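Descriptive analysis of the structure
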Amino acid sequence: MWAPMKLLLIPLLLALVSCTNNAEVKEDDVKAAEALVGVWRGDGTYEDEEDAGWAETWKMVRSADGSYKVDYMIVHDGEKLYEQSSDAGTWSYEDGVYYEINSNGDKISYDVFSVKADWFEYNITQRQGSANIQESKTVDSFQLQGPPKGYTEISYEQPITAPLEEPVEAEE
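Bear in mind that the values here come from a model prediction, so they are computed numbers and not experimental data. (Residues numbered from 1 in each chain as written. Predicted model: local features only at pLDDT ≥ 70, side-chain atom pairs only at ≥ 80, totals over all residues. Heavy atoms only, no water.)

For the rest of this paragraph, the subject is the environment of Val37. Along the polypeptide, Val37 turns up in the loop between helix H2 (29–36) and strand S1 (38–45). Through-space distance from the C-alpha of Val37 to that of Ser63 is 5.3 Å; in sequence the pair is 26 residues apart. With residues near it in sequence (within four places) discarded, Val37 still touches Arg62, Ser63, Ala64, Trp91 and Lys137. (Helix = DSSP H or I, 4+ residues; strand = E, 2+ residues; numbered from the N terminus. Contact = heavy atoms within 4.5 Å.)

Set out below in structure tokens:
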């Protein structure tokens, strides 16, 4: 009789453990910051008229020391164009807000909607509304796919259109 109960108990315990490992931690700054460390993948399309048709995929690596590196692959299928770019900087998490200071020294704040062990939803603070940036945790070996065959690379510095906080002065 104990053997059949064990078979029922094991899946139940596994289900409980998996639920607790993916709990919402956005309200706990320490747990949220710990959850954000690692390799994350995001993708999405642009909904504004100016950038319609572009699809973006990125790989974000956040380190426990507060540094980050992000690689982007942006593709326009209709025009058969692509752009690859990268950035690096520092990140932090405080009071439900995620911050990045990019390589230009610009500090960008993001309202956080959800932080879990494998899921992150957020939006640029100045763009009030629902989450429009989502990332999922992935394996350390994850690599972005290269551009589709036959696509032409474009390269230009596109200014960030979101209002930025004041640049942070370097500490001496």
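Still more to cover.
Positive phi, normally seen in glycine, also occurs at Lys80, with a value near 55°. Looking at Lys80, the relative accessible area reads 44%, which means it is partly exposed. (Buried < 20%, exposed > 50% of the residue type's maximum accessible area, 1.4 Å probe, protein only.)

The next thing to look at is the pattern of salt bridges. Summed over the entire model, instances satisfying the criterion amount to three salt bridges. Asp43 is the salt-bridge partner of Arg41, the closest N and O atoms lying 3.4 Å from each other. A relative accessible area of 32% means that Arg41 is categorised as partly exposed. Classification of Asp43 as partly exposed rests on a relative accessible area of 44%. In this structure, Arg62 engages Glu135 in a salt bridge whose closest nitrogen and oxygen atoms are separated by 2.9 Å. Of this pair, Arg62 sits in strand S2 (residues 54–62) while Glu135 sits in strand S8 (residues 133–137), placing them 73 residues apart in sequence. (Salt bridge = Lys/Arg side-chain N within 4 Å of Asp/Glu carboxyl O.)

In short, geometric facts, not functional conclusions.
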